[in-house]
Amino acid sequence: MKEPFRILSAAAMLGYGFPVESFEAGMSKHPHLIAADAGSTDPGPYYLGAGKSFTNRTAVKRDLTIMIKAGLKAKIPIIIGSAGGSGAKPHLDWCTDIVLEIARDNNLHFKLALISADFEKSRLKDELAAGNISALDPAPELIVDAIDASTHIVAQMGVEPIIRALDGNPDVILAGRAYDPSIFAALPIKLGYDQALALHLGKILECAAICATPGSGSDCMFGTLYEDSFVLEPLNPIRACTTQSVAAHTLYEKSNPYMLYGPGGHLDLRDCAFIQETDTSVRVSGSRWIPATPYTIKLEGARPIGYRTVSIAGARDPIMISAIDQITEAVSERVADNFRDLNWTYHLRFNIYGKNGVMGVLEPTPSTEGVHELGIVIEATADTQDQADTICSFARSTLLHYGYPGRRATAGNLAFPYSPSDISTGRTFVFSLYHLMAVADPAEPFPVTFKDV
Amino acid sequence: MRIKLIDITDVIRSKNAGPYELTFDIMFKSLDWFEKVVAADAINTDTVCRLFQLQPDDVLNIIPFKPAKAIKITIKRPLCSGDLGETDVYGAQQHAPLLSLELNLSV
């Protein structure tokens, strides 16, 4: 019988932090692996498109310092997935820089493996022409223009590239964009543990203490993989894993709780059993892995659509509030008319909090009836920052002094919380790729390089 | 029997499931309530369309998940997350209409 394989998941997101006491409690259980996921598409397209991290550098350095020191001391690997948040080259470089700084600061020496997840546009166009790329419903079909316009295109790696990196016996692995469970499942799968259980355990561990009650994104979680099941246990005495909390987590952020799709296949959880092992730990069994042919990986890309400027204001005047739609429409027309000779292409929007600012078209009651104040965010997106600044500024000043019918407050229509009132937010991105690509070798697109630190 | 969803649940939440989908989790206080609601088919495509001004094609699935005493609803996002016109990048505040939903449980 195989020795149980033990995994310490540091936090739901690298940089979200964790109590040192929880981490040390995990280390005292002699894990074989320390891992943390560092990425998500949840914060939107900007971070992938701009090559920026959505987590804070100081916070990431803090977490990594604790993890790397402990891993080197215990001689176990530390694996980070989707380094830098979106896992493209600038994100991986950003995270590598932090790791090198930690090594210098603490006089540490180790073997570092880096796995890239970027795709050349020329390759993607060839793959598209060869019919290897398909839309992931309800995303639109991919066109060459979307590839050309993207600043960064990555794919989520499965366990195979990480296993290839592990073959080189590194101490620390920084993986570019990775399917979240891969970083937890790669080593046990390499050692011969059940693939379905390893991936299902990884799927839960990637969110660390979110699967406990009370849940937290900034606390550790411990997983033990057996031949026929796995057990989850929190490391903080204030938390417990219950069958309800673990099963509930299985629902989180996915469309079907029974079928979890990933690189090369899907997990079928229809026959899963969740059993309360102790008061605070849960045992899970019955997960099945259904491989797919061909093996597909998920591509993610983002492209710039211009520059954005926003202005935040409020309105308290009931006459103004009751006529807000007509007023903003009239202001939009005034803006268009004023700059019509410039032939600019821009997007001007007044997002009205108090009406449908949160839910947009999904809002069942898009009315200002009975509302005593409104929040108004004026947003201009245009081809250059100067154009966006101009449109936002002009819309703001026009709205401020617009003489709507029945107006009593002739000194101004808006309450601004800030001076300056307008905020230039820089380049703006949208997702351009969210597609599946068939690959012959699941490790090939994700090259591994080693570095002696 | 008419009953408010909020009175028989512990969790009602929404979140993106990838940038093109929005998913809602409704977790019931007890297995009994979960089973009653599922048996009565009290949360169906029609209910979801009515709550969120959707067409039936926009509702991708409604799945009861017994291990969590939960019903999961997944719909098409009105926009790909972060597109021009976005109001909720994470999709975490789209659940509110479910809080005032009343169910008819007379089977």
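What you see is a predicted model, and the numbers here were worked out from it, not measured in a lab.

S.K.: Help me out: how do you make sense of the overall build of chain B in this one?
M.R.: Secondary structure assignment for chain B yields 3 helices and 6 strands. Along chain B, helices (α) and strands (β) appear in the sequence β-β-β-α-α-β-β-α-β when read from the amino end. Relative to the 2.2 N^0.38 estimate, which gives 13 Å for 107 residues, the radius of gyration of chain B is 14 Å and therefore close to what a compact globule would have. Along the first, second and third principal axes, the C-alpha set of chain B runs to 45 × 25 × 20 Å. Residue burial in chain B is summarised as follows: out of 107 residues, 50% are buried. Within chain B, contacts between residues at least 6 apart in sequence are counted, and of these 60% link residues at least 24 apart. About 4,600 Å² of surface is accessible on chain B, with carbon and sulfur atoms providing 50% of the total. Looking at charge distribution, chain B has the averaged site of its 12 positive side-chain charges lying 5 Å from that of its 14 negative ones.

S.K.: Sorry, what's going on with the interface of chain B and chain A here?
M.R.: The accessible area lost on association of the parts is a frequent measure of interface size. If you look at the interface, chain B gives 44 residues, while chain A gives 42 residues. Summing both sides of the interface, chain B and chain A together bury roughly 3,500 Å²; the carbon and sulfur share of this comes to 63%. Of all residues in chain B, Y20, F65 and L84 of chain B give up the largest surface area on contact with chain A, accounting jointly for 19% of the area buried on that side. Linking chain B with chain A are 1 salt bridge.

S.K.: Whenever I open this one, the sheet that holds strand 2 (residues 9-16) of chain B confuses me. Can you help?
M.R.: Pairing between the strands of a sheet is mediated by backbone hydrogen bonds and can be parallel or antiparallel. Here 4 strands make up an open sheet; going across it, the order is 2-3-5-4 (chain B) and the pairing antiparallel. Unpaired on one side and paired on the other, strand 2 and strand 4 (59-65) of chain B mark the two borders of the sheet. Ignoring which end each strand starts from, the neighbouring axes of this sheet average 10° apart. Direction of pairing for strand 3 (residues 21-28) of chain B relative to strand 5 (residues 70-76) of chain B: antiparallel, over a ladder of 7 bridges. The residue of strand 5 of chain B that forms the bridge with D25 of chain B is K72 of chain B. Here helix 10 (residues 243-251) of chain A sits on the sheet and contacts strand 2, strand 3, strand 4 and strand 5 of chain B; the angle it forms with strand 3 of chain B, its principal contact strand, is near 160°.

S.K.: Sorry, what's going on with the confidence of the model for chain B here?
M.R.: Parts of the model with low pLDDT should not have their predicted coordinates read in detail. All names here are of chain B. When pLDDT is averaged along chain B, the result is 94, and 99% of the positions lie at 70 or above. Put simply, strand 6 (residues 102-104) is where chain B has its lowest mean pLDDT, 93, and helix 3 (residues 96-99) is where it has its highest, 97. Interface scoring of the predicted complex returns ipTM 0.94; its pTM is 0.94.

S.K.: Please clarify how the state of the cysteines should be interpreted in this entry.
M.R.: Disulfides are covalent bonds that link the sulfur atoms of two cysteine residues. Residue and element names in this part refer to chain A. All told, the structure shown has 0 disulfides over all chains when counted by the stated rule. In this structure C220 is a free cysteine whose sulfur lies 12 Å from that of C211, the closest cysteine sulfur available. For C220, a relative accessible area of 1% puts it in the buried group.

S.K.: Help me understand a nonpolar patch on the surface in this model?
M.R.: A cluster of nonpolar side chains, namely I312, Y418 and I423 of chain A, defines an oily patch on the protein surface of about 260 Å² accessible area. One can find I423 of chain A in strand 18 (residues 422-439).

S.K.: Sorry, what's going on with the domain arrangement of chain A here?
M.R.: By domain assignment, chain A separates into domain 1 (5-300 + 433-452) and domain 2 (317-414). Taking only C-alpha atoms, the centre of domain 1 of chain A and the centre of domain 2 of chain A are 43 Å apart.

S.K.: Please explain the pattern of salt bridges as it appears in this structure.
M.R.: Residues and elements named next belong to chain A. On inspection of all chains with the given rule, the structure shows 34 salt bridges over all chains. Among the salt bridges present, the one from K61 reaches E101, with a minimum N-O distance of 2.8 Å. Of this pair, K61 sits in helix 3 (residues 57-74) while E101 sits in helix 4 (residues 89-106), and the two are 40 residues apart along the sequence. Note that K125 is salt-bridged to D148, the shortest N-O span being 2.7 Å. Separated by 23 residues along the polypeptide, K125 in helix 5 (residues 121-129) and D148 in helix 6 (residues 144-149) bring together distant segments of the chain.

Rules used in this analysis
Residues numbered from 1 in each chain as written. Chains lettered and ligands numbered in written order. Predicted model: local features only at pLDDT ≥ 70, side-chain atom pairs only at ≥ 80, totals over all residues. Heavy atoms only, no water. Helix = DSSP H or I, 4+ residues; strand = E, 2+ residues; numbered from the N terminus. Rg over C-alpha atoms; globule rule 2.2 N^0.38 Å. Buried < 20%, exposed > 50% of the residue type's maximum accessible area, 1.4 Å probe, protein only. Contact = heavy atoms within 4.5 Å. Areas by Shrake-Rupley, 256 points an atom, 1.4 Å probe, with all protein chains shown as cover. Lys, Arg positive; Asp, Glu negative; His and termini not counted. Charge placed at Lys NZ, Arg CZ, Asp CG, Glu CD. Buried area = accessible area lost by both parts, 1.4 Å probe. Salt bridge = Lys/Arg side-chain N within 4 Å of Asp/Glu carboxyl O. Pairing = 2+ DSSP bridges. Axes fitted to C-alpha atoms, helices over the stretch in contact; angles between N-to-C directions. pLDDT = per-residue confidence, 0-100. Disulfide = S-S within 2.5 Å. Patch = residues over 30% accessible without salt bridge, like charges linked within 9 Å, V, L, I, M, F, W, Y side chains within 5 Å. Domains from an automatic or database assignment.

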